[in-house]
Number of protein chains: 2
Amino acid sequence: MDLEFLQSLALPAHTKMAMIIMDGLGGLPLEAGGKTELETAHTPNLDALAAQSALGLTVPAGPGITPGSGPGHLAIFGYDPIRHEIGRGALEALGVDFDLRPEDVAARGNFCTVDAMGVVTDRRAGRLPTEVSRELAGLLRGIQIDGVEFFVETVKEHRFAFVMRGPGLGEALTDTDPHQAGVPPLPVRALEPASEKAARLAGRFVDRAGELLAAHPAGHAANAILLRGFDRLPSVPKYGELFGLRAAAIAVNGMYRGVARLVGMTVLDLDGVTLADEFSALEKNWDDFDFFYLHVKKTDTAGESGDFPGKVRAIEEVDALLPCLTALNPDVVIVGGDHSSPAVLKSHSWHPVPTLLYGKYVRADGIAEFGERACARGSLGVLPAKDVMPIALADAQRLAKFGA
Amino acid sequence: MDLEFLQSLALPAHTKMAMIIMDGLGGLPLEAGGKTELETAHTPNLDALAAQSALGLTVPAGPGITPGSGPGHLAIFGYDPIRHEIGRGALEALGVDFDLRPEDVAARGNFCTVDAMGVVTDRRAGRLPTEVSRELAGLLRGIQIDGVEFFVETVKEHRFAFVMRGPGLGEALTDTDPHQAGVPPLPVRALEPASEKAARLAGRFVDRAGELLAAHPAGHAANAILLRGFDRLPSVPKYGELFGLRAAAIAVNGMYRGVARLVGMTVLDLDGVTLADEFSALEKNWDDFDFFYLHVKKTDTAGESGDFPGKVRAIEEVDALLPCLTALNPDVVIVGGDHSSPAVLKSHSWHPVPTLLYGKYVRADGIAEFGERACARGSLGVLPAKDVMPIALADAQRLAKFGA
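For every chain, the first residue of its written sequence is number 1, and the numbers climb from 1 along that sequence. As a convention, the first chain written is A and the first ligand written is 1, with the rest following in written order. Only residues with pLDDT of at least 70 get local features here, since the model is predicted, and only at 80 or more are side-chain atom pairs given and counted; chain-wide, interface and lining totals rely on the full set of residues. Side-chain numbers come from the whole structure's heavy atoms, not from hydrogens or water.

Trainee: Is there a simple way to think about the relation of the copies chain B and chain A in this case?
Mentor: Both copies of the chain are related by a screw-like operation: a rotation about an axis and a shift along it. Superposing copies: least-squares fit, C-alpha atoms only, residues required to have pLDDT of at least 70 in both. For these two chains of identical sequence, chain B goes onto chain A by a turn of 125 degrees and a shift of 0.1 Å along the axis, with RMSD 0.3 Å. When the rotation and shift are considered jointly, the pair of chain copies conforms to a three-fold rotation axis.

Pasting the structure below:
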């Protein structure tokens, strides 16, 4: 079902919808026959909500596919994550909360070390401290060449997000990063004529950066840059025009704020970086939006660190704050994840994600438990993550009848 | 999976299939935690059949999509309901059992009142009595202009189905109905060159109708007509050519008879309009067809009226007559619906529809209950409604192996 079809059925309504995304929610037991992180967690509030909900397991990008956070989020937001791919360069820029625009061309950047012959001796410039990296980024930021503006935004240690902004820039560019030491950086090449201007200017920027870095006191370690993964934001239809939703995003980390902005959500300001601050923003802004996306990062951080008890605690923290949401009397609530991150795998995984859909007009399964196996018995079945949003819109009475 | 692929696998067989469609079957509980209409109904025969069946929940047109009866039926008949859309004009003609042909152009019509200046003062001509409407329709029916024949078929009160039949008629026409009083009717305009002839003739018919109506005694109220929703039947491959099935339809209401005719079913004559008359037609014609579609209207009528107990009774009535079918020893039986119509919503809805698939070679789930939550546990899972027909054909040993 395509988005244009959904758009043709979108109805205005006064209903309020909330989507709580616990990043990397799905898990695995520590031992065969054991419980997952979510099944282990003590979650009386989620269980009570589950009893009034339809349950299911969402498949973010396709069977067996382990999605990154970009495709995982686009899917749960209702988009086909394979058709609308967010590349690594764009994600890096979103990740530092950079206001990436559709016309910008982005890439991942490294500070690196080259020798007198121009050969890369360390692709990471000795993992230089983030403070130094930030200082060097300041040196390079704001360079303009032929009316094109360049941005260098520190990520961590030697890593930065690189963005070019100006008219007529294509993103079909090759990496300068040779992906190994012992050889010189590669020239930026255009893969199509429309990217030739961008190739030329990126090349000039790389040269200029090398000159500035070499003249800087920190230049003995970081005297050149490497760029890889050039791309731009995909163009996706926005929540406002698609569904008539005034949508708000509540997230601490830049990447999630960026993906939310990409689909047309207003990113809310937070008083702090705790989960309580996020729920507090939900309460404060409740009257001003129709749809709220609230992102929980700790579940994924713990999963990726292999910290099973930490992930259990992160889920319990969400459960403890859930009454802040239910007290607002939402019409529709989605609780799910963008992908699985089982602690035993210490990484994202391909496993379907437990999902709960609550609403006055949801046909509840009567299963009073929120967990992987409980969701496997639910009436949503195993469904593509992108199908959750249309069902939730229907439950919020925001979709008209199709045909007579 | 497309129909051409299925067609390439269709096998002749002597098996008999029956599909009982309870219109708007799926429901919701009256109160959170309660039972749906189907779960409330006392259905010993359906429950016994369920025990020998595979169960599942069908999604008619897509996740979250509330289908009209047209798309709902096309889906359960095995067609993609979004690709094969039946427009409002064509449905209106089917609804009065008009034998609409592929080349016909149809629209919805109203008798209306215009003042001396030609301004619409009442779009419904005071909701004139159906008998008067029928008399006026007789006045206009059979008008011929330039070799094109016009049909005016009463629906109810001021409403009628309008059909143009003749060579070279396109359906890309604008409404004459201004959808408000206080302004004159609009001219019919062609949206593409192939519809210009139809636009011109429809316009002449509207003028001629106005003259005839003004000269009639009832013409003080109904002195003009308004047309809207011009379209034609979609062209769909027929059951005979697709599956090699001699298919029969048993339905009281015109619309369902019309959609059945559209897919190539023979519409059977009935001795009366009760459900017993429908099952009686099934018995009488059992030897002459391979596939029977039997439509039950009351479930939807009750659902749309918000009559929960009425819908329960309508389901129980089907249950009581089910032995008429099972006594015929059918090879495959499908019991399901074209969409949900929960009494609490008083309308069609997007909820998946409980479905039962019985047959000698069906892998039965052993769930001795026919209801929404029982079906959510069934082995058919949550599946697109259009996938039921291929599975049923296989169960009837009517599909050959694919590949070696």
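Trainee: Sorry if this is basic, but what is going on with the nonpolar core here?
Mentor: Where a protein is soluble and globular, its nonpolar side chains tend to be buried together. Core analysis: the biggest nonpolar cluster contains 65 residues, and A:Phe77, A:Tyr239, A:Met265 and A:Phe291 have the highest contact counts within it. Here a helix means four or more residues in a row that DSSP labels H or I, a strand means two or more in a row labelled E, and each is numbered from the N terminus. Broken down by element, the residue count for this core peaks at six residues, all from helix H14 (residues 388-395) of chain A. The residues contacting A:Tyr239, other than those within four sequence positions of it, are A:Phe77, A:Tyr79, A:Gly244, A:Leu245, A:Ala247, A:Val263, A:Gly264, A:Met265, A:Phe291 and A:Met389. In this text, buried Ala, Val, Leu, Ile, Met, Phe, Trp, Tyr and Cys residues form a nonpolar core when linked through side-chain atoms within 4.5 Å. Burial here depends on accessible area, computed with a 1.4 Å probe over protein chains only, as a share of the maximum for the residue type. Under 20% is buried, over 50% is exposed, and the range in between is partly exposed. Grouped together as the second largest cluster of nonpolar side chains are 54 residues, B:Leu74, B:Ala93, B:Ala260 and B:Val362 included. Residues are treated as being in contact if the distance between any of their heavy atoms lies within 4.5 Å.

Trainee: Looking at this model, I keep getting lost on the sheet that holds strand E2 (residues 53-59) of chain A. Mind explaining?
Mentor: All names here are of chain A. In space, the eight strands of this open sheet follow the order E10-E9-E11-E1-E12-E13-E2-E14, with mixed pairing throughout. The sheet terminates laterally at strand E10 (266-267) and strand E14 (381-384), the two strands that pair on one side only. Note: strand E1 (residues 17-22) against strand E12 (residues 332-336), five bridges, orientation parallel. Pairing of Ile21 across the sheet is with Gly336, part of E12. Taken strand by strand, helix H12 (residues 308-326) contacts E1, strand E11 (291-296) and E12, and its axis lies near 170 degrees from that of E1. Strands pair, by our definition, only if DSSP identifies at least two bridges between them. Between N-to-C directions, angles span 0 to 180 degrees; the directions come from axes that are lines fitted to C-alpha atoms, helices contributing only their stretch in contact.

Trainee: Would you mind showing me how to read the pattern of salt bridges here?
Mentor: Proximity of charged atoms lets side chains of opposite charge pair with each other. All names here are of chain B. When a carboxyl oxygen of Asp or Glu lies within 4 Å of a side-chain nitrogen of Lys or Arg, that pair is called a salt bridge. Per the counting criterion, the structure on display carries 41 salt bridges over all chains. One salt bridge in this structure joins Arg261 and Asp97, with 3.1 Å as the shortest N-O distance. Taken together, the residues span a long stretch of sequence, with Arg261 in helix H9 (residues 254-262) and Asp97 in the loop between helix H5 (88-95) and strand E4 (105-114) at a distance of 164 residues. By relative accessible area, Arg261 is classed as partly exposed at 26%.

Trainee: Mind showing me how you'd approach helix H6 (residues 130-140) of chain A here?
Mentor: Note that an α-helix has 3.6 residues per turn; residues three or four places apart therefore point the same way. Residues and elements named next belong to chain A. Among all positions in H6, only Ser133, Leu136, Ala137 and Leu140 are buried. Projected down its long axis, H6 shows its buried positions confined to an angular sector of 105 degrees, all on one face. Turned more than 90 degrees from where H6 packs its buried face, Glu131 and Arg134 sit exposed. On its buried side, H6 packs onto strand E3 (105-114), strand E6 (148-156), strand E7 (159-165), helix H7 (196-214) and strand E8 (224-231). Backbone geometry just downstream of H6 places Gly142 in the positive-phi region, at approximately 85 degrees. The arc in question is traced by the directions running from the helix axis to the C-beta atoms.

Trainee: So what exactly am I meant to see when it comes to the interface of chain B and chain A here?
Mentor: Often, the extent of an interface is quoted as the loss of accessible area upon association of its parts. Each partner contributes residues to the interface: chain B has 31 residues there, and chain A has 25 residues. Counting each side, the surface lost to burial between chain B and chain A is near 2100 Å², with a carbon and sulfur contribution of 66%. Note: buried area is the sum, over both parts, of the accessible area (probe 1.4 Å) each one loses when the two are combined. When residues of chain B are sorted by the area they lose upon contact with chain A, B:Pro63, B:Ile65 and B:Trp350 head the list and together hold 26% of the total. At the boundary of chain B and chain A, one finds zero salt bridges. The term polar contact refers here to a pair of N or O atoms within 3.5 Å; inside protein, the definition further demands a hydrogen-donor-capable atom paired with an acceptor-capable atom, and it admits residues adjacent in sequence only when both atoms are side-chain atoms. Counting across the interface, chain B meets chain A through nine residue pairs in polar contact (both at pLDDT 80 or more).

Trainee: Where do I start with the packing of aromatic side chains in this structure?
Mentor: Two aromatic rings, taken as a pair, are described by how far apart their centres are and by the angle between their planes. Between the rings of Phe, Tyr and Trp (Trp by its six-membered ring), a pair exists once the centres lie within 6.5 Å; its type follows the angle of the planes, with under 30 degrees stacked, over 60 edge-to-face, and the other angles tilted. Per the stated rule, a full pass over the model turns up 28 aromatic pairs over all chains. When the ring of A:Phe150 is compared with that of A:Phe162, the centres are 5.9 Å apart and the planes differ by 40 degrees; the resulting orientation is tilted. Here A:Phe162 lies in strand E7 and A:Phe150 lies in strand E6, a separation of twelve residues in the sequence. Among the residues examined, A:Phe150 registers a relative accessible area of 0% and is labelled buried. Ring centres of B:Phe111 and B:Phe160 lie 4.8 Å apart, and the angle between their planes is 55 degrees; this geometry places the pair in the tilted category.

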